[in-house]
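An overview of the molecular structure
What follows is the residue order along each chain.
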Amino acid sequence: IQGQLSNTQAILQCVVTPMLSAIVTITASTISIREIADVPAQLDGPVRDIATAAASGRTPPERTISLLSAALLEDLPDIAMDVIVIADGPLHLLPWALLEDPQHSQPLGIARNLAHAQSLPSWCALARHNNELHPARDLLALGDPAYTTEQIPDARLRSLAGTAKEITALAQLVDDTTVLRGEDATEARLVEQLPRHRRAHIAC
C-alpha cells in the first residue's frame, strides 16, 4: 500500500470493532495507529451530533468537532495534501470535511483534497489501474458537430457556432489539447480518442 502512495498522499483507515476503535494513518514512509474509542457506542453520539447539525444547516458543536478532529487527524502530516478516508462503523456518517485540520487551522475539506474509498483493497485496485494509464495528451475538446438532416431536421438548429468558440477558447488555455469539431466531431472519434486524454470537454 505504501508503495502506491506519493509523498503528498495519506490514507486514514478507520477500524471499528466491538472491543476497539482506532485510526490507522498511512503515508509513503510511515504507519501510525491511534486508539480513538473503547467501544463503537462512544463514537455514535458525537458523530450523530455533527451529522445532524450539518444536515440541518446548523453549526456543529465546536467541542465535539475539536475532540473528533484531535482523535482522527492527530497523525496526519502537514505534507499530505491528498487525504483518502476509509471509514468504518459510525464514522461512515461523519462529514469529514468539517473536521478541524490540526496543521492548517481550517476545515479539513478546505485545507486538503479529500477523497473517500470503500476499502483498502478497492483503493489499491483503483490506484494500480490509474498508474497503468498514461494518457498521451491532456485535454480532448469536442464541439460544433456536423449534425445530419436525420439527426436535426431544422437547419437553423444544426450549427452550434457557440460551442466552436467554446472549444477554441479552451484550446488556447490548455496547450496540450486535441480539438474535434465539424465532420471530425463524431461519436466514433470521441470513443477512439477518450483513452488517449487525461480529461475531456464535450460541447454539443
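Before reading on, note that the structure itself is shown above.
Residues numbered from 1 in each chain as written. Predicted model: local features only at pLDDT ≥ 70, side-chain atom pairs only at ≥ 80, totals over all residues. Heavy atoms only, no water.

When you go through the protein chain residue by residue, the secondary structure sums to 7 helices and 10 strands. Over its C-alpha trace the protein chain gives a radius of gyration of 23 Å, far above what one expects of a compact globule, namely 17 Å for 204 residues. Considered along the principal axes of its C-alpha atoms, the protein chain spans approximately 70 × 40 × 30 Å. By residue count, 34% of the 204 residues in the protein chain fall in the buried class. For the protein chain, the exposed surface amounts to about 11,800 Å²; the carbon and sulfur share of it is 55%. Looking at charge distribution, the protein chain has the averaged site of its 15 positive side-chain charges lying 6 Å from that of its 24 negative ones. (Helix = DSSP H or I, 4+ residues; strand = E, 2+ residues; numbered from the N terminus. Rg over C-alpha atoms; globule rule 2.2 N^0.38 Å. Buried < 20%, exposed > 50% of the residue type's maximum accessible area, 1.4 Å probe, protein only. Areas by Shrake-Rupley, 256 points an atom, 1.4 Å probe, with all protein chains shown as cover. Lys, Arg positive; Asp, Glu negative; His and termini not counted. Charge placed at Lys NZ, Arg CZ, Asp CG, Glu CD.)

The next point concerns helix α1 (residues 41–55). The terminal C-alpha atoms of α1 lie 21 Å apart, and with 15 residues this matches the ideal 21 Å at 1.5 Å per residue to within 8%. Contacts from the buried residues of α1 go to β1 (9–16), β2 (21–26), β3 (31–37) and α2 (62–73). One or two residues past the end of α1 sits G57, with phi positive at roughly 85 degrees. (Expected span 1.5 Å × (residues − 1). Contact = heavy atoms within 4.5 Å.)

In any sheet, the strands associate via hydrogen bonds between backbone groups, in a parallel or an antiparallel arrangement. The mixed open sheet is built from 5 strands, whose spatial order is β3-β2-β1-β4-β7. Edge positions in the sheet fall to β3 and β7 (113–116), since each has one partner strand and no second. Taking each pair of neighbouring strands and ignoring which way they run, the sheet shows an average axis angle of 20 degrees. Each of β1, β2 and β3 is contacted by α2, which is oriented at about 150 degrees to β3, the strand it contacts most. (Pairing = 2+ DSSP bridges. Axes fitted to C-alpha atoms, helices over the stretch in contact; angles between N-to-C directions.)

Relative to the helices and strands, A161 resides in helix α6 (residues 161–173). Classification of A161 as partly exposed rests on a relative accessible area of 43%. When the C-alpha atoms of A161 and P145 are compared, they prove to be 9.6 Å apart, with 16 residues separating the residues in sequence.

What follows is about the side chain of R112. With respect to the secondary-structure elements, R112 resides in the loop between α3 (108–111) and β7. For R112, a relative accessible area of 3% puts it in the buried group. Among residues more than four places away in sequence, those in contact with R112 are L76, P77, D78, A80, M81, V83, D101, Q103 and H104.

Further remarks concern the state of the cysteines. If you walk through the whole model with that rule in mind, you get 0 disulfides. Sulfur of C124: no disulfide; nearest cysteine sulfur belongs to C14 and is 16 Å away. The class for C124 is buried, based on a relative accessible area of 9%. (Disulfide = S-S within 2.5 Å.)

A few words on unusual backbone geometry. Phi at S105 takes a positive value of approximately 55 degrees, unusual for a residue other than glycine. For S105, the location among the structural elements is in the loop between β5 (100–101) and β6 (106–107). By relative accessible area, S105 is classed as exposed at 71%. Positioned with a positive phi, D144 is a non-glycine residue whose angle comes to about 45 degrees.

When you line up the elements, I23 lands in strand β2. Taking relative accessible area as the criterion, I23 reaches 1% and is therefore assigned buried. Considering only alpha carbons, one finds I23 and L94, 71 residues apart in sequence, at a separation of 14 Å. Once residues lying within four places of it in the same chain are set aside, the contact partners of I23 are L12, Q13, C14, S32, I33, R34, I36, A71, L72 and W96.

A few words on the sheet that holds strand β9 (residues 177–182). As summarised here, the arrangement of the 3 strands in space is β9-β8-β10, forming an open sheet in which the pairing is parallel. The open sheet is flanked by β9 and β10 (197–203), the only strands paired with a single partner. Strand-to-strand twist in this sheet, taken as the mean axis angle between neighbours without regard to direction, amounts to 15 degrees. Pairing between strand β8 (residues 137–145) and β9: 6 bridges, direction parallel. Within β9, the position partnered with A141 by the bridge is V179.

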